[in-house]
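Letter by letter, the chains look like this.
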Amino acid sequence: MRLSRYFLPVLKETPAEAQIVSHRYMLRAGMIKQAAAGIYSWLPLGFRVLKNIERIVHEEQMRAGHIPMLMPTLQSADLWRESGRFDAYGPEMLRLKDRHGRDMLYGPTNEELITDIFRAHVNSYKDLPLTLYHIQWKFRDEIRPRFGVMRGREFYMKDGYNFDIDRDAALHAYNRHMVSYLRTYERMGLQAIPMRADSGPIGGDDTHEFLVLADTGESEVFYDSAITDLRFGDRQVNYDDREECAAIVREWTTPYARTDETHDPALFAEIPEARRKRSRAIEVGQIFYFGTKYSDPMGATVTNDKGEQVPVHMGSHGIGVSRLVGAIIEASHDDKGIIWPEGVTPFHVGIVNLRQGDAGCDAACEGLYAALVAAGLDPLYDDREERAGAKFATMDLIGLPWRITVGPRGLKAGVVELTSRRSGESEEMSSEAAVDRLLEVYAAHRPGAAPV
Ligand code: 5CA
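Residues numbered from 1 in each chain as written. Predicted model: local features only at pLDDT ≥ 70, side-chain atom pairs only at ≥ 80, totals over all residues. Heavy atoms only, no water.

Trainee: Looking at this structure, how should I read the overall build of the protein chain?
Mentor: Within the protein chain one finds 14 helices and 23 strands. The C-alpha atoms of the protein chain give a radius of gyration of 24 Å, which matches the 22 Å a tight globule of 452 residues would have. Seen along its three principal axes, the alpha-carbon backbone of the protein chain occupies a region of about 80 × 55 × 45 Å. Taking all 452 residues of the protein chain together, the buried fraction comes to 55%. Residue pairs in contact within the protein chain that sit at least 24 positions apart in sequence constitute 72% of those at least 6 positions apart. Here the protein chain displays about 19,500 Å² of accessible surface, and carbon together with sulfur accounts for 49% of that area. Side chains of the protein chain carry 55 positive and 67 negative charges; the gap between the two charge centres is 4 Å. (Helix = DSSP H or I, 4+ residues; strand = E, 2+ residues; numbered from the N terminus. Rg over C-alpha atoms; globule rule 2.2 N^0.38 Å. Buried < 20%, exposed > 50% of the residue type's maximum accessible area, 1.4 Å probe, protein only. Contact = heavy atoms within 4.5 Å. Areas by Shrake-Rupley, 256 points an atom, 1.4 Å probe, with all protein chains shown as cover. Lys, Arg positive; Asp, Glu negative; His and termini not counted. Charge placed at Lys NZ, Arg CZ, Asp CG, Glu CD.)

Structure below.
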């Protein structure tokens, strides 16, 4: 993409309404624009990051054997009356009437709709296990939408639902989700710690939230610092292997880590003092096992191997896709702007032409741009007639992890400059070497790198 032809409405001023850094940078970098309280348009740069996060979520869900689909945003109230949640959900649910006076709602979550699909089509234990998921907009009429996309009213969420014959099978689904989530967040450059939590309006006793430590987070958490040393890395997991998944879950759930709702001061006190940590954190996902809470009242049963009708055991599993855009910025920025992890960056590399209009510089930049595109990389070429300082400031603000600077002095010596946004370190090399280096860096982050 050439910046001269792109739509990147960067703001010079810091918007007064934004209280936290991710919200400020998302507005300044032209990623989002507020449409109404807690409702945002995703401008091209923000949209790219959102889609990259979505892609990683899809790849990791499919890798775990979960099946993508799509359910609508608007739902009929009838199903919610069956589960008892039409009244129970409270004022966070946006209720509306259609022209025939029928009660409708904008889905805050989809347990009822998916249970209805299941009961219409699945009758036998032989069709289990089954996990279906979608990534779709949700609406919760939050009393205090704030912090930009972090607590929106309309937000983008992955929600998955498992259907299993009994509690043990459903707990394997729970574990499978935890494992796939650990891998998902790490691919986004985040450390998200699973913590024992409270289930709220979704229900059930078994639930973990995934939390990213950040001073601006809305949750208060207590944890053993040993958990922050754990890395998922590049483990190859057999998601059908119950014991293998359970072992990974044990590894991550043995060190103490709880949100304030489930915090147990006596247990916490048993951790050596130096490792006892209390922090703020951002909730980027939550998994639930709730057994037959929805299948019972809604009659979602299957025949078991003895020919008896039994309600299916279910759980639901959410990832805050749009919130993650903000959470990643909270975890990765400096005073000049965003620093995107390679896994989610909107462009792989920025090209800065120090002397636009100079025939040599223009030709070198065009050649480099073509070589990057041919190599399958996605560059953003700043080809505007701007001062070098302004170009650098824009690149720093929008946070591409790599920048190639092309100037007349370097070209005389046959080199360009490759700079890491994170370390600030620069290295001179030929254009070809810069392309090769970037191919190496991104080898682990390309779409489809995950065999799905
Ligand atoms: N049905 C379950 C699991 S699919 C569910 O709705 N879980 S949830 O309520 O925990 O939401 C899942 C994730 O969506 C949360 O972990 C959070 O990251 C994100 N989320 C929830 N509310 C908001 C909001 N108002 N704005 C942005 N993201 C949100």
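On we go from here.
Trainee: Explanation requested: the sheet that holds strand β23 (residues 426-429) in the structure shown.
Mentor: Strand pairing in a sheet is mediated by backbone hydrogen bonds. Such pairs are either parallel or antiparallel. The five strands lie next to each other as β20-β19-β21-β22-β23, forming an open sheet whose pairing is mixed. Every other strand in the sheet has two partners, leaving β20 (379-382) and β23 as the edge strands with one partner each. Neighbouring strand axes in the sheet, compared pairwise and without regard to direction, differ in orientation by 20° on average. In this structure, strand β19 (residues 349-353) lies alongside strand β21 (residues 402-406), joined through four bridges in parallel fashion. Residue pairing for β21: G350 is matched across the bridge by R403. Taken strand by strand, helix α11 (residues 359-374) contacts β19, β20 and β21, and its axis lies near 170° from that of β19. Running over the sheet, helix α12 (residues 388-398) touches β19, β20 and β21 and is turned about 170° from β19. (Pairing = 2+ DSSP bridges. Axes fitted to C-alpha atoms, helices over the stretch in contact; angles between N-to-C directions.)

Trainee: How should the nonpolar core be read in this particular structure?
Mentor: When a protein is soluble and globular, its nonpolar side chains tend to lie buried together. Residues M31, I53, Y185, F210, V284, V325 and W340 are the most contacted members of the largest nonpolar core, which totals 77 residues. For this core, the element with the most residues is helix α6 (residues 167-187), which contributes seven residues. Counting contributing residues, this core receives three or more from each of domain 1 (3-338) and domain 2 (349-443). Ignoring any residue separated from it by four or fewer positions in sequence, one finds M31 in contact with M26, S41, W42, L43, L45, G46, V49, V325, I329, I338 and W340. (Core = buried A, V, L, I, M, F, W, Y, C linked by side-chain atoms within 4.5 Å. Domains from an automatic or database assignment.)

Trainee: Looking at this structure, I do not really get the packing of α6 against helix α7 (residues 242-253). What am I missing?
Mentor: When two helices pack together, their arrangement is given by the angle between their axes and by how far apart the axes lie. Following both chains from N to C, one finds α6 and α7 inclined at 60°, their axes separated by 9 Å at the closest point. Between α6 and α7, the interaxial angle falls into the category oblique. Handedness of the crossing formed by α6 with α7: left-handed. Two secondary-structure elements touch here, α6 through D168, A169, H172, N175, R176, M178, V179 and L182 and α7 through R242, C245, A246, I248, V249, W252 and T253. Considering only residue class, the contact of α6 with α7 consists of nine nonpolar, three polar and three charged. (Parallel < 35°, antiparallel > 145°, perpendicular 65-115°, else oblique. Left-handed = near helix turned anticlockwise from the far one by under 90°. Nonpolar A, V, L, I, M, F, W, Y, C, P; charged D, E, K, R; others polar.)

Trainee: Would you explain the site of the ligand in this entry?
Mentor: Every one of the 22 residues lining the ligand counts as a neighbour, but T109, E111, R140, G152 and E283 are closest to it. The side chain of R140 places a nitrogen or oxygen atom 2.7 Å from an oxygen atom of the ligand. Contacts to the ligand include Q286, whose side-chain N or O atom sits 3.1 Å from an oxygen atom. Notes on the ligand: free accessible area 600 Å², of which the protein chains cover 96%. Counting only elements with at least two residues in the shell around the ligand, the list comes to β8 (154-164), β13 (276-291) and β16 (313-320). Here the shell around the ligand is composed, by residue class, of seven nonpolar, eight polar and seven charged. (Near = heavy atom within 4 Å. Polar contact = N/O pair within 3.5 Å; in protein donor to acceptor, adjacent residues only side chain to side chain.)

Trainee: Explanation requested: the sheet that holds strand β4 (residues 74-76) in the structure shown.
Mentor: Overall, antiparallel pairing links the three strands, which are arranged β4-β6-β5 in an open sheet. One side of each edge strand has no neighbouring strand; the edge strands of this open sheet are β4 and β5 (94-97). Strand-to-strand twist across the sheet, computed as the mean angle between neighbouring axes with direction ignored, equals 35°. Where β5 lies against strand β6 (residues 103-106), four bridges are found, and the strand directions are antiparallel. The residue bridging R95 from the neighbouring strand is L105, located in β6.

Trainee: Would you mind showing me how to read the environment of M150 here?
Mentor: One can find M150 in the loop between β7 (130-139) and β8. According to the relative accessible area criterion, M150 is buried, its value standing at 5%. Leaving out residues up to four positions away in the same chain, M150 has contacts with I20, S22, I282, R323, G326, A327 and E330.

Trainee: Which parts of the structure should I look at to understand the pairing of strand β1 (residues 32-36)?
Mentor: Note on strand geometry: in a regular strand, side chains alternate between the two faces of the sheet. Bridge count for β1 against strand β2 (residues 39-42) is four bridges, and the pairing is antiparallel. Paired with A36 across the strands is I39, a residue of β2. The turn joining β1 and β2, which pair antiparallel and follow one another in sequence, is formed by two residues; a positive phi near 70° is taken by G38.

Trainee: What should I look at first to understand the domain arrangement of the protein chain in this one?
Mentor: By a widely used convention, the size of an interface equals the accessible area lost when the partners come together. In terms of domain boundaries, the protein chain breaks down into domain 1 (3-338) and domain 2 (349-443). Between the C-alpha centres of domain 1 and domain 2 the distance comes to 37 Å. Across the contact, 15 residues belong to domain 1 and 13 residues belong to domain 2. Of the roughly 1,200 Å² buried between domain 1 and domain 2, counting both surfaces, carbon and sulfur atoms make up 57%. Considering only the surface of domain 1 that becomes buried against domain 2, L3, K336 and I338 emerge as the three largest contributors, covering 44% of it. Counting the contacts that link domain 1 with domain 2 gives two salt bridges. With its nearest N and O atoms 2.8 Å apart, the salt bridge here joins R421 to D334. Scanning the region where domain 1 abuts domain 2 turns up eight residue pairs in polar contact (both at pLDDT 80 or more). (Buried area = accessible area lost by both parts, 1.4 Å probe. Salt bridge = Lys/Arg side-chain N within 4 Å of Asp/Glu carboxyl O.)

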